[in-house]
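# Report on the structure
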Amino acid sequence: MIKVLIVDDSKLIRALLAEMINSAPDMEVIGEAEDPFDARDKIKALSPDVITLDIEMPKMDGITFLRNLMRLRPMPVVMLSTLTAEGAPITLEALSIGAVDFLEKPKVNIAEELPLYTQDLLEKLRAAAGARVIRQKVRSEEVEQRHAALQKNWDNLSFKLNHLVAIGASTGGTEAIKEVITRLPANFPPVVVTQHIPAVFSTTYAERLNKTSKMTVYEAAHDQPIRQGCVYIAPGDEHLKIIKKGGTLYCRLDKSAPVNRHRPAVDVMFDSIAEVVPKRTSAVILTGMGADGAKSMLNLKEKGAYTMAQDETSSVVYGMPKAAYEIGAVEKVLPLDKIAQALIKEAVKT
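Everything quoted here is computed from the prediction, not taken from an experiment. (Residues numbered from 1 in each chain as written. Predicted model: local features only at pLDDT ≥ 70, side-chain atom pairs only at ≥ 80, totals over all residues. Heavy atoms only, no water.)

## Section: the sheet that holds strand 1 (residues 2–7)
The five strands are arranged 2-1-3-4-5 in an open sheet whose pairing can be described as parallel. The sheet is open, and its two borders are formed by strand 2 (27–33) and strand 5 (101–104), each paired with just one other strand. This sheet shows a mean twist of 25 degrees between the axes of neighbouring strands, independent of strand direction. Here four bridges tie strand 3 (residues 50–54) to strand 4 (residues 77–81), and the two strands are oriented parallel to one another. Each bridged residue has a counterpart across the sheet, and for Leu-53 the counterpart in strand 4 is Met-79. (Pairing = 2+ DSSP bridges. Helix = DSSP H or I, 4+ residues; strand = E, 2+ residues; numbered from the N terminus. Axes fitted to C-alpha atoms, helices over the stretch in contact; angles between N-to-C directions.)

## Re the sheet that holds strand 8 (residues 216–219)
Taken in spatial order, the seven strands line up as 8-9-7-6-12-13-14 in an open sheet, and their pairing is parallel. One side of each edge strand has no neighbouring strand; the edge strands of this open sheet are strand 8 and strand 14 (332–334). Within this sheet the neighbouring strands show an average axis-to-axis angle of 20 degrees, counted without direction. Summarising the sheet, strand 6 (residues 164–169) and strand 7 (residues 191–195) pair through five bridges and their orientation is parallel. Within strand 7, the residue paired with Val-165 across the bridge is Val-191.

## Some remarks on the packing of helix 7 (residues 173–181) against helix 12 (residues 336–347)
Put simply, helix 7 and helix 12 touch, their axes get as near as 8 Å, and they point 40 degrees apart. With respect to their mutual orientation, helix 7 and helix 12 come out oblique. Read as a crossing pair, helix 7 and helix 12 show a hand that is right-handed. Every residue of helix 12 that contacts helix 7 at Ala-176, Glu-179 and Val-180 is listed here: Leu-336, Asp-337, Ile-339, Ala-340 and Leu-343. In the contact of helix 7 with helix 12, the residues fall into six nonpolar, no polar and two charged. (Parallel < 35°, antiparallel > 145°, perpendicular 65-115°, else oblique. Left-handed = near helix turned anticlockwise from the far one by under 90°. Contact = heavy atoms within 4.5 Å. Nonpolar A, V, L, I, M, F, W, Y, C, P; charged D, E, K, R; others polar.)

## Details of the nonpolar core
Grouped together as the largest cluster of nonpolar side chains are 59 residues, with contacts concentrated most on Ile-167, Phe-188, Val-191 and Leu-286. The element contributing the most residues to this core is helix 12, with seven residues. Judged by nonpolar contacts, the second largest core, of 31 residues, contains Ala-234, Ile-273, Ala-294 and Ala-309. (Core = buried A, V, L, I, M, F, W, Y, C linked by side-chain atoms within 4.5 Å. Buried < 20%, exposed > 50% of the residue type's maximum accessible area, 1.4 Å probe, protein only.)

## Concerning unusual backbone geometry
Trans is the prevailing form of peptide bonds, just as negative phi is the prevailing case for residues other than glycine. That bond from Arg-263 to Pro-264 is cis: its omega, 10 degrees, falls within 30 degrees of zero. Within the fold, Pro-264 resides in the loop between strand 11 (248–254) and helix 9 (266–276). The backbone of Asp-223 shows a phi angle near 65 degrees, a positive value even though the residue is not glycine. Its place among the elements puts Asp-223 in the loop between strand 8 and strand 9 (230–233). Positive phi, normally seen in glycine, also occurs at Asp-237, with a value near 75 degrees. According to the relative accessible area criterion, Asp-237 is partly exposed, its value standing at 28%.

## Brief notes about the pattern of salt bridges
This structure, assessed with the given rule, holds 18 salt bridges. The partner of Lys-105 in a salt bridge is Asp-8, and the shortest N-O contact between them spans 3.1 Å. Linking Lys-105 in the loop between strand 5 and helix 5 (114–129) with Asp-8 in the loop between strand 1 and helix 1 (11–22), this pair joins segments that are 97 residues apart in sequence. In this structure, Arg-252 engages Asp-223 in a salt bridge whose closest nitrogen and oxygen atoms are separated by 3.1 Å. One end of the pair, Arg-252, is in strand 11; the other, Asp-223, is in the loop between strand 8 and strand 9, and 29 residues separate them in sequence. (Salt bridge = Lys/Arg side-chain N within 4 Å of Asp/Glu carboxyl O.)

## A short note on helix 3 (residues 62–72)
All of the buried residues along helix 3 are Gly-62, Ile-63, Phe-65, Leu-66, Leu-69 and Met-70. For helix 3, the buried positions fall inside an angular range of 160 degrees around the axis, keeping them on one side. Summarising the geometry of helix 3, the exposed residues directed more than 90 degrees from the buried face are Arg-71 and Leu-72. Where helix 3 is buried, its residues meet helix 2 (36–46), strand 3, strand 4 and helix 4 (88–97). Two to three positions downstream of the cap, the backbone nitrogen of Ile-63 sits 3.0 Å from a side-chain oxygen, assigning the N-cap of helix 3 to Asp-61. (Arc of directions from axis to C-beta. Polar contact = N/O pair within 3.5 Å; in protein donor to acceptor, adjacent residues only side chain to side chain.)

## Describing the environment of Val-133
Following the sequence through the fold, Val-133 ends up in the loop between helix 5 and helix 6 (141–154). Using a relative accessible area of 26% as the deciding quantity, one classes Val-133 as partly exposed. Considering only alpha carbons, one finds Val-133 and Ile-55, 78 residues apart in sequence, at a separation of 19 Å. Residues contacting Val-133, with those up to four places away along its chain left out, are Met-70, Pro-74, Met-75, Pro-76 and Gly-98.

## Section: helix 4
Of all ten residues that make up helix 4, seven are buried, and the element is covered over most of its length. Three or more residues of helix 4 are buried, namely Ala-88, Thr-91, Leu-92, Ala-94, Leu-95, Ser-96 and Ile-97. Each element contacted by the buried residues of helix 4 is listed here: helix 3, strand 4, strand 5, helix 7 and helix 8 (199–212). Positive phi appears at Gly-98, one or two residues downstream of helix 4, with a value of about 145 degrees.

## A few points about the packing of aromatic side chains
Ring pairs (aromatic) are described by centroid distance and by the angle formed between their planes. Going through the model one piece at a time under the given rule, you end up with three aromatic pairs. Of note, Lys-124 hangs over the ring of Phe-102, and the distance from its end group to the ring centre comes to 6.0 Å. Above the face of the Tyr-250 ring, Lys-245 is positioned so that its terminal group lies 4.6 Å from the ring centre. (Phe/Tyr/Trp six-rings, centres within 6.5 Å; stacked < 30°, edge-to-face > 60°. Lys NZ or Arg CZ within 6 Å of the ring centre and 35° of its normal.)

Below, the structure is given as C-alpha cells:
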C-alpha cells in the first residue's frame, strides 16, 4: 500500500485529492497538512511514501520547503502546479531541486475532467513512490576541474557534418536532458529532443537550457532547418518529426493523435528519423515512466542507428529505458554522467 501525504492550504483541494487517491486499491492518504510546518511534523510522525506538495502556501512557500526536505529527508514529491507560462519557471526549479514530477491543480468546477485527472494523478504517484530521489549534486572541485579539462579537449574536436542525435525522455527527463546537453561542445552535431512536457512549459524550458548550454537551444518551429551546434526541443502538445528536403533536415510539427497517450511522443520522432537518416543517428532514451520510444528505437537500431539508454541507478524512473532494453533496442546502457561522452565519441569525425 502506497502511503500518501497531501500538503495543500486549500481544504477543498485536500478533500478532492484524498477522494481520488483513496479510490485506488493500492493507495491510502495517511494524512493531510495545510502548511509546510504542519507537513514537517506529519512526515516525521507518519513516514509517507510520497507527498503531493502545493507550490503556493502560507508561512513557507513550497519551493523553500522542498529545498529543505531534499537536504534533510529526501523523499518522492509530486508538485501541484498552476500550468501557466508564469508558473513554468518555478515548477522547473522544483524539478531541479529534486521533485519527481508535477501535475496541474485539479479544477474543482469541471467535473467531466476529473476521471482523466484522477488517472494521471494516480499514475504519477505510483511512479513517484518507486522513483529514485536524486538530489542536486554538489560536484567536488577536483571533479569539476577534470570535467573542464575534458570539455576543453572536446571543443577542439571535429565532428561529422551529417550526424544527428535524438533524445527521448519523460519523468525526471528535464534534469537528465540538461545534464547531457550542457556537457556537449558548441560545434556538436544537431540534437533533437522529445520530452513529455506541457505546452506552456516547453518554451521556458528551452530558454533555460539555452542559457546553460554551449549549443544553441530552440523550441522547435515548424519547417525550421536543423543545423550543426543547435538543439531542438519538441513543443508541448505537438509531435516533432524530422523530414529531409534537398539534403537538409527540417523540423516538422503536427497535432496528430497522441501516441502512447503522449503528444509529443518519442516514438513519433524516432520513427520519422528511421525514414530519413537512421544510419547517421545516435538515439538515446533517458529516464521516464512507461514505454514510449522503445519500439521505435528498435526500428532505428535495425536500420543502422547507434542506440543507448540511461542505466537504472541514475534514472529517476527506470521505465522507458527498461522497456527499450528488454526488447533488445539498446546497444549500450550507461549512467547519466557518461552519456554525453559516449555521444561525442560516436560523433567524432574519423
